[in-house]
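Inside the fold
If you want the building blocks of each chain, they are given just below.
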Amino acid sequence: MWPPLIIPNEPGGVTVIKTLISGLIDGQLLEATGQSLGRLLIGFIIAVILGTIIGFLIYKSELVDDTLGFFVSTLQSVPNIVWFPLAILWFGLGVESVLFIIILGATLSLSITLSTAFKSVPPLNIRVARTMGSKGFHLFRTVIFPASVPQFIAGLRVAWALAWRAVLAGELLGGSGGLGTLLDMGRSLQSMDLVFAIMIIIGVIGTIIDNFVFVKLERAVLRKRGIQVVK
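Below is a summary of the structure that appears in this document. (Residues numbered from 1 in each chain as written. Predicted model: local features only at pLDDT ≥ 70, side-chain atom pairs only at ≥ 80, totals over all residues. Heavy atoms only, no water.)

Our next topic: the overall build of the protein chain. Tallying secondary structure elements over the protein chain gives 9 helices and 0 strands in all. Reading the helices (α) and strands (β) of the protein chain from amino to carboxyl end gives α-α-α-α-α-α-α-α-α. For the C-alpha atoms alone, the extent of the protein chain along its principal axes is close to 80 × 50 × 25 Å. Burial status across the protein chain gives 42% buried among its 231 residues. At a minimum sequence separation of 6, the contacts of the protein chain that also span at least 24 residues come to 68%. For the protein chain, the computed accessible surface area is about 13,000 Å², with 69% contributed by carbon and sulfur atoms. Of the side chains in the protein chain, 17 bear a positive and 12 a negative charge, and the two mean positions are spaced by 18 Å. (Helix = DSSP H or I, 4+ residues; strand = E, 2+ residues; numbered from the N terminus. Buried < 20%, exposed > 50% of the residue type's maximum accessible area, 1.4 Å probe, protein only. Contact = heavy atoms within 4.5 Å. Areas by Shrake-Rupley, 256 points an atom, 1.4 Å probe, with all protein chains shown as cover. Lys, Arg positive; Asp, Glu negative; His and termini not counted. Charge placed at Lys NZ, Arg CZ, Asp CG, Glu CD.)

Structure (structure tokens):
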């Protein structure tokens, strides 16, 4: 149940690194990784669009905040994977169910973050802009949204993490291909070297995207605004 990492227990035996390298060379792990990342990208883009729209509506209208905002906050407390049985009933076992789980979790998280970010813009900034003739969409585009960019990026970071977990959980239960399905296959075959190899890939991808995309983007914005000192 605990296969060796590098050195096999017996000559020619399996190790986690050996399975990882062979899986990458023969394309099995690369194909599964590509499927998972493709679904993640599609679901995340849709979630960003929906989350931005919902967050803006919650910020703009008190009625929407009291109704849709309350509904979104309530759904946010429900784990994404709980929705999977309903997703199977609505969309069947396949990519559609996985995308539904991704979009739902990331949209809820991002909409709450954005609505809070828009509400946190200093009122003085808005009053000054209005005295200079700015209003409507121009006010939102030039004052409110730029002031919310740091929180927006932080919201994207959290939403991506939720989406990455959702796609793997959906594939694990839905059997639609990807790293999650391959992970379940390794469990069924009791091939723990394959399971640990996939876990390494999941962790490496998560770390790379978080540190080399979102963290760098967040630091760049904070430095540009003088919030963070350049090291």
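This part takes up a nonpolar patch on the surface. Together, Leu5, Ile6, Ile7, Ile200, Val204, Ile208, Phe212 and Val213 give the surface a local cluster of nonpolar side chains, amounting to about 770 Å² of exposed area. Topologically, phenylalanine 212 is positioned in helix α9 (residues 192–224). (Patch = residues over 30% accessible without salt bridge, like charges linked within 9 Å, V, L, I, M, F, W, Y side chains within 5 Å. Salt bridge = Lys/Arg side-chain N within 4 Å of Asp/Glu carboxyl O.)

Let us now look at helix α1 (residues 16–25). Given 3.6 residues to a turn, an α-helix orients residues that are three or four positions apart in the same direction. Burial in α1 covers these residues: Val16, Thr19, Leu20 and Gly23. One face of α1 carries all of its buried residues, which in axial projection span an arc of 100°. For α1, the secondary structure elements touched by its buried residues are α2 (28–60) and α9. Once α1 ends, the next one or two residues include glycine 27, with phi positive near 90°. (Arc of directions from axis to C-beta.)

A few words on the nonpolar core. Phe44, Trp164, Leu179 and Ile198 are the most contacted members of the largest nonpolar core, which totals 52 residues. Broken down by element, the residue count for this core peaks at 13 residues, all from helix α7 (residues 136–174). Ignoring any residue separated from it by four or fewer positions in sequence, one finds leucine 179 in contact with Leu29, Ala32, Thr33, Ser36, Trp164, Leu168, Glu171, Ile198, Ile201 and Ile202. (Core = buried A, V, L, I, M, F, W, Y, C linked by side-chain atoms within 4.5 Å.)

Looking now at the pattern of salt bridges. This model, assessed by the stated rule, comprises 5 salt bridges. We note a salt bridge from glutamate 171 to arginine 39, for which the minimum N-O separation is 2.9 Å. Note that glutamate 171 is positioned in helix α7 and arginine 39 in helix α2, a separation of 132 residues in sequence. Given the relative accessible area of 0%, glutamate 171 is considered buried. A salt bridge links lysine 119 to aspartate 65; the shortest N-O distance between them is 2.7 Å. Taken together, the residues lysine 119 in helix α5 (residues 95–119) and aspartate 65 in helix α3 (residues 62–76) connect sequence positions 54 residues apart. Here the residues in one salt-bridge network are Arg157, Asp210 and Glu218, joined through shared partners.

In a pair of packed helices, the angle between the axes and the distance between the axes together describe the arrangement. Two numbers describe how α2 lies on α9: the axes approach to 12 Å, and their chain directions differ by 40°. It follows from the interaxial angle that α2 and α9 lie oblique. The interaxial crossing formed by α2 with α9 has right-handed handedness. Together, Leu29, Thr33, Leu37 and Phe44 of α2 and Leu194, Ile198, Ile201, Ile205, Ile209 and Phe214 of α9 make up the contact between the two elements. Classifying every residue of the contact of α2 with α9 by side-chain character gives 9 nonpolar, 1 polar and no charged. (Axes fitted to C-alpha atoms, helices over the stretch in contact; angles between N-to-C directions. Parallel < 35°, antiparallel > 145°, perpendicular 65-115°, else oblique. Left-handed = near helix turned anticlockwise from the far one by under 90°. Nonpolar A, V, L, I, M, F, W, Y, C, P; charged D, E, K, R; others polar.)

Let's shift gears to the packing of aromatic side chains. Summed over all chains, the structure comprises 12 aromatic pairs. With 6.4 Å between their ring centres and 35° between their planes, phenylalanine 137 and phenylalanine 140 make a pair best called tilted. Pair noted here: phenylalanine 137 and phenylalanine 140 are both in helix α7, with a separation of 3 residues, about one helical turn. Exposure remark for phenylalanine 137: the relative accessible area of 61% places this residue in the exposed category. Members of the aromatic cluster, connected to one another through ring pairs, are Phe56, Tyr59, Phe118, Phe137, Phe140, Phe145 and Phe152. (Phe/Tyr/Trp six-rings, centres within 6.5 Å; stacked < 30°, edge-to-face > 60°.)

At a closest axis distance of 9 Å, the pairing of α2 and α7 adopts a crossing angle of 140°. When the axis of α2 is compared with that of α7, the two are oblique. For the pair α2 and α7, the crossing hand works out as right-handed. When α2 is examined against α7, the residues Gln35, Ser36, Leu37, Arg39, Leu40, Phe44, Val48, Thr52, Phe56 and Tyr59 are found in contact with a partner set consisting of Phe140, Ile144, Phe152, Leu156, Ala159, Trp160, Ala163, Trp164, Val167 and Glu171.

Let's shift gears to the side chain of arginine 39. You can call arginine 39 buried: its relative accessible area is 9%. Discounting chain neighbours no more than four positions away, the residues touching arginine 39 are Val95, Leu99, Ile102, Val167, Glu171, Ser176, Gly177 and Gly178.

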